[in-house]
Amino acid sequence: MSAKKTALTVLSAALLVPAMLVAPAHAAPPPSAPPADGKGQPAKAPAAPAPPVSMSTVGGSLLGQPGTQVNLLPGAPALPTSLTGRSWIVADAESGEVLAAHNAHWRLPPASTMKMLFADTVLPSLPKDQVHKVTDEDMEGVGPGSSLVGVKEDHEYSVHDLWLGVFLRSGNDAVHVLSAMNGGIDKTVKDMQAHAEELQALDTHVVSPDGYDSPEQVSSAYDLTLIARSGLQKQDFREYCGTVEAKFPGLQESGKPRDFFEIQNTNRLMTGAGGISPYKGIAGVKNGNTTMAGSTFTGAAQQGKRKLLVTVMNPGAGGANSVYEETAALFDWGFAAAGKVKPVGELVPPKGADTTSHGSPAQSHENNPSANGAGAGGGAGTALGVAGGALAVLAGGAFVVNRRWPRGRRSRGDELV
């Protein structure tokens, strides 16, 4: 194994699973007026694409409707008025209750949040102390303009090093090397697609393991939240996505100790970079930004005993901090609204969970991987909850999850379809 000094700053991570739903929609606030065009008239902004009229109903029928879905009970805080994301979701990480959502199943480009599915799929199959010497072939296909951690051909890296490069620097070079170790890009894409199907993340169509822009590569706020929940049940995944900074192997010259250089997580809610204040209790998970996707982010945070998952896709406000500001606003709302809203949906369990007495598994709509989400459909069995106990704090601050899917209570009426 190559020599390395890895300084990990691991934050608490939050864990996972489902419950119940239903409620009427709450109208989203109108967008603010566009800036003047210099002639005293508001500039005409390009028309934003509309969400599909009908989307997947995995997790509940309300989640398949366009617009904002929330059911405020007496005393509940109003949703933030500054939200511009095309799609977003706030869910309780343990119960799986969806507290509020906006176009939750809109199939949109995911950017590097797709790396969560890559990690959740591939991470368990590669021992972290395995060492690999990078070849020219490993680096083929890394797209122009990709984010890179600095992997070099003819140098050795451990799997542990490479995962730090994936999570902290969103390194597409590290993704391609790990994919090569997993049997190649094509096999890895197939593995990821199969895992998405198992998780019932059926809005997701995988083209590349690193999230690089492709017209057919799509996911949804709902799916990214399911994927994050699954990943956070793995100790290594929690460690990597909760690492703020680390040392990454640099050049290796013959007869000299190997160089290392510092890398820092690009998640600004963790690091406070770019003028964003670190969010209290943040534990990851993954951010992304490409031309087609705009900014995307899935985050996990804990305050007290409450653990939330928030995903925001493509805020219309623009600016490098918008996705973090809107995520933080939804976290604030979710923690304040806990117990004061009626859930509008749920995070469903994997297909392999015991749902045989609770309806049919969700149906795939993989035959229509377009980004506009048209034609998305499918149903879902009732989600089953992970038992609330068995959370043990580790020395590094991460949680261990006892992953179980005990039989849950079946929802009634048309709340699940």
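Residues numbered from 1 in each chain as written. Predicted model: local features only at pLDDT ≥ 70, side-chain atom pairs only at ≥ 80, totals over all residues. Heavy atoms only, no water.

Break down the packing of aromatic side chains for me, with residues and values.
As enumerated under the stated definition, the model contains nine aromatic pairs in all. Judged by centre distance (5.6 Å) and plane angle (25°), the ring pair of Y157 and F248 falls under stacked. In this pair, Y157 sits in strand β5 (residues 156-158) while F248 sits in strand β6 (residues 245-249), placing the two residues 91 residues apart along the sequence. As far as the burial class goes, Y157 and F248 line up, both buried. Relative to Y240, the ring of F167 has its centre 6.0 Å away and its plane inclined at 20°; by these criteria the two rings are stacked. A residue pair is termed long-range when its members are at least 10 positions apart, and F167 in helix α2 (residues 159-169) and Y240 in helix α6 (residues 235-241) qualify at 73 residues. Owing to a relative accessible area of 1%, Y240 belongs among the buried residues under this scheme. Through successive ring pairs, a cluster of aromatic residues spans F118, W163, F167, F237 and Y240. (Phe/Tyr/Trp six-rings, centres within 6.5 Å; stacked < 30°, edge-to-face > 60°. Helix = DSSP H or I, 4+ residues; strand = E, 2+ residues; numbered from the N terminus. Buried < 20%, exposed > 50% of the residue type's maximum accessible area, 1.4 Å probe, protein only.)

Can you explain helix α1 (residues 114-122)? Please cite residues and give values.
Within α1, nine of the nine residues are buried, which leaves it mostly tucked inside the rest of the structure. Burial in α1 covers these residues: M114, K115, M116, L117, F118, A119, D120, T121 and V122.

Kindly report on the layout of surface pockets, identifying the contributing residues and their values.
A volume near 440 Å³ is recorded for the second largest pocket. Lining the second largest pocket are 25 residues; nearest its centre among them are S112, S147, G288, N289 and T290. For the lining of the second largest pocket, the elements supplying multiple residues, two or more each, are β8 (282-290), β9 (294-303) and α8 (322-337). Ranked by residues supplied to the lining of the second largest pocket, first place goes to β8 with five residues. Of the residues assigned to the lining of the second largest pocket, the class counts are five nonpolar, 14 polar and six charged. (1 Å grid on protein atoms, 1.4 Å probe; cavity = no way out; pocket = protein on both sides within 12 Å on 5 of 7 lines; lining within 4 Å. Points joined across faces, edges and corners; volume = space filled by probe spheres on them. Nonpolar A, V, L, I, M, F, W, Y, C, P; charged D, E, K, R; others polar.)

Which residues make up the pattern of salt bridges, and what are the values?
If you walk through the whole model with that rule in mind, you get eight salt bridges. A salt bridge links K187 to D191; the shortest N-O distance between them is 2.7 Å. Highlighted residues: K187 and D191, both in helix α4 (residues 185-199), separated by four residues, approximately one helical turn. Overall, the relative accessible area of 38% leaves K187 in the partly exposed class. Note that K351 and E197 form a salt bridge whose closest N and O atoms lie 3.8 Å from each other. Of the two residues, K351 is situated in the loop between β11 (345-346) and β12 (392-393) and E197 in helix α4; the sequence distance between them amounts to 154 residues. (Salt bridge = Lys/Arg side-chain N within 4 Å of Asp/Glu carboxyl O.)

Explain the nonpolar core residue by residue, including any values.
Grouped together as the largest cluster of nonpolar side chains are 64 residues, with contacts concentrated most on V151, W163, F167, L178, Y222 and F237. When residues in this core are grouped by element, the largest group, seven residues, is from α2. With near-sequence residues (within four places) excluded, V151 lies in contact with V134, M139, Y157, L162, D173, A174, V177 and F248. Core analysis: the next-biggest nonpolar cluster, separate from the first, contains 28 residues, L79, A100, I276 and A337 among them. (Core = buried A, V, L, I, M, F, W, Y, C linked by side-chain atoms within 4.5 Å. Contact = heavy atoms within 4.5 Å.)

Outline the environment of G143, supporting the account with residue identities and numerical values.
Position of G143 among the secondary structure elements: in the loop between β4 (131-133) and β5. Remark: the alpha-carbon pair of G143 and D213, spanning 70 residues in sequence, is separated by 9.0 Å.

Explain α4 to me, and be specific about the residues and the numbers.
The first and last C-alpha atoms of α4 sit 21 Å apart over 15 residues, in line with the 21 Å expected at 1.5 Å per residue. Those residues of α4 that sit buried are T188, V189, M192, Q193, H195, A196, E197 and L199. Looking at the buried residues of α4, the elements they touch are α1, α3 (172-181) and α5 (221-231). With its phi angle positive at about 65°, Q200 sits one or two positions after the end of α4. (Expected span 1.5 Å × (residues − 1).)

Hey, could you go over unusual backbone geometry for me, with residue numbers and the actual values?
Put simply, G284 and V285 share a cis peptide bond, and its omega is 20°. Following the sequence through the fold, V285 ends up in strand β8. Although it is not a glycine, D154 adopts a positive phi angle of roughly 70°. Secondary-structure assignment places D154 in the loop between β4 and β5.

Just give me the short version of the environment of E140, but keep the residues and values in it.
Note on placement: E140 falls in the loop between β4 and β5. Along the chain, E140 and I185 lie 45 residues apart, while their C-alpha atoms are 10.0 Å from each other.

Explain the packing of α1 against α2 to me, and be specific about the residues and the numbers.
Packing of α1 against α2 brings their axes to within 11 Å, and their N-to-C directions diverge by 155°. Considering the angle they form, α1 stands roughly antiparallel to α2. With respect to the hand of their crossing, α1 and α2 are arranged in left-handed fashion. Here K115, F118, A119 and V122 of α1 lie close against α2, whose contacting residues are W163, V166 and F167. Its residues placed into classes, the contact of α1 with α2 shows six nonpolar, no polar and one charged. (Axes fitted to C-alpha atoms, helices over the stretch in contact; angles between N-to-C directions. Parallel < 35°, antiparallel > 145°, perpendicular 65-115°, else oblique. Left-handed = near helix turned anticlockwise from the far one by under 90°.)

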